[in-house]
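Tertiary structure, described
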Amino acid sequence: MESGRQVANFGAGPAKLPRSVLLEAQKELVDYKGLGISVLEMSHRTSDFSKILNTAENLLRELLNIPENYKVIFLQGGGSAQFSAVPLNLIGLKEKRHADYVVTGAWSAKAAKEAEKYAKVNIVHPKLGAYTNIPDPSTWNLNPDASYVYYCANETVHGVEFDFVPDVKGAVLVCDMSSNFLSRPVDVSKFGVIFAGAQKNVGCAGVTVVIVREDLLGFALKECPVVLDYKTQVMNGSLYNTPPCYSIYIMGLVLEWIKNNGGAAAMDKLSLIKSQMIYDIIDRSNGFYVCPVEKKSRSRMNVPFRIGSIKGDDALEKKFLEKAVELNMISLKGHRSVGGIRASLYNAVTVEDVQKLATFMRSFMQMHQS
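These figures come from a predicted structure and were not determined experimentally. (Residues numbered from 1 in each chain as written. Predicted model: local features only at pLDDT ≥ 70, side-chain atom pairs only at ≥ 80, totals over all residues. Heavy atoms only, no water.)

Below, the discussion takes up the packing of helix α1 (residues 19-28) against helix α6 (residues 245-260). Packing of α1 against α6 brings their axes to within 10 Å, and their N-to-C directions diverge by 135°. Put simply, α1 runs oblique to α6. When the axes of α1 and α6 are compared, the crossing they make is right-handed. Where α1 approaches α6, its residues Ser20, Val21, Glu24, Ala25 and Glu28 are matched on the opposing element by Tyr246, Tyr249, Ile250, Leu253, Val254 and Trp257. Among the residues forming the contact of α1 with α6, the class breakdown is eight nonpolar, one polar and two charged. (Axes fitted to C-alpha atoms, helices over the stretch in contact; angles between N-to-C directions. Helix = DSSP H or I, 4+ residues; strand = E, 2+ residues; numbered from the N terminus. Parallel < 35°, antiparallel > 145°, perpendicular 65-115°, else oblique. Left-handed = near helix turned anticlockwise from the far one by under 90°. Contact = heavy atoms within 4.5 Å. Nonpolar A, V, L, I, M, F, W, Y, C, P; charged D, E, K, R; others polar.)

Below you can see the structure in the form of structure tokens.
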């Protein structure tokens, strides 16, 4: 494996994993710790798998300082399943079935649309003409009857990120942290529910972490599918049905890697260094590279930009992507709904990877700037 092609992967998720994690998984693939079987073959009811599950949970609790009155569960269905699970579990907290949503990009918009099946959804701010900033919280119209307030901490498609935790006046706060989970320290006690798909910052596709305050358990609607019922999953220790065993194992390895590399605070520091490197080139390019997001709302995780103008020059962008692949930099194409270029700079993306991209961006600009 070491002699294979080395690429810088800027994919938005599934995304780059630390090389040491991949090598460890490779080493243990066929014979896990001398058991003679792979984790892929292991029953989820064995004590060996219990150790894997407990290790992942304990590392999460340590890395995020998760208080004792919060439960951690490992579910399937990705963040998208949680778009349904959140209202199904929480809308019953208050009888009017209202929910407040902050919509700052594609993913929070999808979550709000899904919640409309089960709740009366209030978008707390006027509809945005474009997803380029986070509306000032002082303009939000929070409904005191809402069962919860929902937001997405980082929008991968549009490159918009909250750099603060909203003050929701004591309401139950729910956050989709799928794309910036463990990229910075978080005060878990400010939230009712946090969920995150693993496949960006903490592992591979297949497992979604849900952190839920225990007093919010037991309010699921009767229509809630049993596998999405937080209380059922908590009572069964994430083993009500077969969990995504291998994805949980990989996640445990990544969490160990994060811990050994300084934890969430170190990841935050590196995220700022990496993203600033690319934003600096964009901002000093005299309009050759254009990032549509307002500076105060820019994401450290996903840097979207156009080449040539705010609307983008298709021919230049195609050339940029082709040349990047020649130079072993992959997955820089923007999301299909917005086009352009997007560099995703998750935890496993190294400073060296980003320096390589920065060097290429400079030389491409020198070659093509008129």
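Most often, soluble globular proteins have nonpolar side chains that are buried together. In this structure, Leu60, Phe181, Tyr289 and Phe320 are the most contacted members of the largest nonpolar core, which totals 86 residues. With ten residues, α6 is the largest single contributor of residues to this core. Setting aside anything within four residues of it in sequence, one finds tyrosine 289 in contact with Ile281, Ile282, Phe305, Arg306, Ile307, Phe320, Met361, Phe364 and Met365. By size, the runner-up hydrophobic cluster in this structure holds 33 residues, among which are Ala81, Ala119, Val172 and Val174. (Core = buried A, V, L, I, M, F, W, Y, C linked by side-chain atoms within 4.5 Å. Buried < 20%, exposed > 50% of the residue type's maximum accessible area, 1.4 Å probe, protein only.)

The next thing to look at is the pairing of strand β10 (residues 208-213). Taking burial as the measure, the six residues of β10 include five buried ones, the bulk of the element. Sheet topology places strand β2 (residues 70-75) next to β10; six bridges connect them, and they run antiparallel. Paired with tyrosine 70 across the strands is arginine 213, a residue of β10. In this sheet, β10 lies alongside strand β9 (residues 193-197) in antiparallel orientation, the contact comprising five bridges. Each residue of the ladder has a partner; that of glycine 197, found in β10, is threonine 208. (Pairing = 2+ DSSP bridges.)

Moving on: the sheet that holds strand β11 (residues 289-290). Overall, antiparallel pairing links the three strands, which are arranged β11-β12-β14 in an open sheet. Where the open sheet ends on each side, the last strands, each with one partner, are β11 and β14 (341-344). Where β11 and strand β12 (residues 302-307) come together, two bridges link them in antiparallel fashion. For valine 290, the partnering residue across the bridge sits in β12 and is arginine 306. Along the sheet, helix α7 (residues 263-283) contacts β11 and β12; its crossing angle with β12, the most-contacted strand, is approximately 20°. In the packing of helix α8 (residues 314-326) onto the sheet, the strands contacted are β11, β12 and β14, and the crossing angle to β12 comes to about 130°.

Turning our eyes to something else, we now look at the side chain of lysine 200. Residue position: lysine 200 is located in the loop between β9 and β10. Only 3.0 Å separates the side chain of lysine 200 from the backbone oxygen of alanine 12, close enough to count as a polar contact. Beyond its immediate sequence surroundings of up to four residues, lysine 200 is in contact with Ala12, Gly13, Ala15, Thr156, Ser178, Ser179 and Tyr346. (Polar contact = N/O pair within 3.5 Å; in protein donor to acceptor, adjacent residues only side chain to side chain.)

Our next topic: the packing of aromatic side chains. Enumeration according to the criterion identifies 18 aromatic pairs in this entry. An angle of 85° between the planes, with centres 5.7 Å apart, marks the rings of tyrosine 32 and tyrosine 249 as edge-to-face. Pair noted here: tyrosine 32 is in the loop between α1 and α2 (47-64) and tyrosine 249 is in helix α6, with a separation of 217 residues, a long-range link. Just as tyrosine 32 is buried, tyrosine 249 falls in that class too. Relative to phenylalanine 364, the ring of phenylalanine 288 has its centre 6.2 Å away and its plane inclined at 50°; by these criteria the two rings are tilted. Highlighted residues: phenylalanine 288 in the loop between α7 and β11 and phenylalanine 364 in helix α9 (residues 351-368), separated in sequence by 76 residues. (Phe/Tyr/Trp six-rings, centres within 6.5 Å; stacked < 30°, edge-to-face > 60°.)

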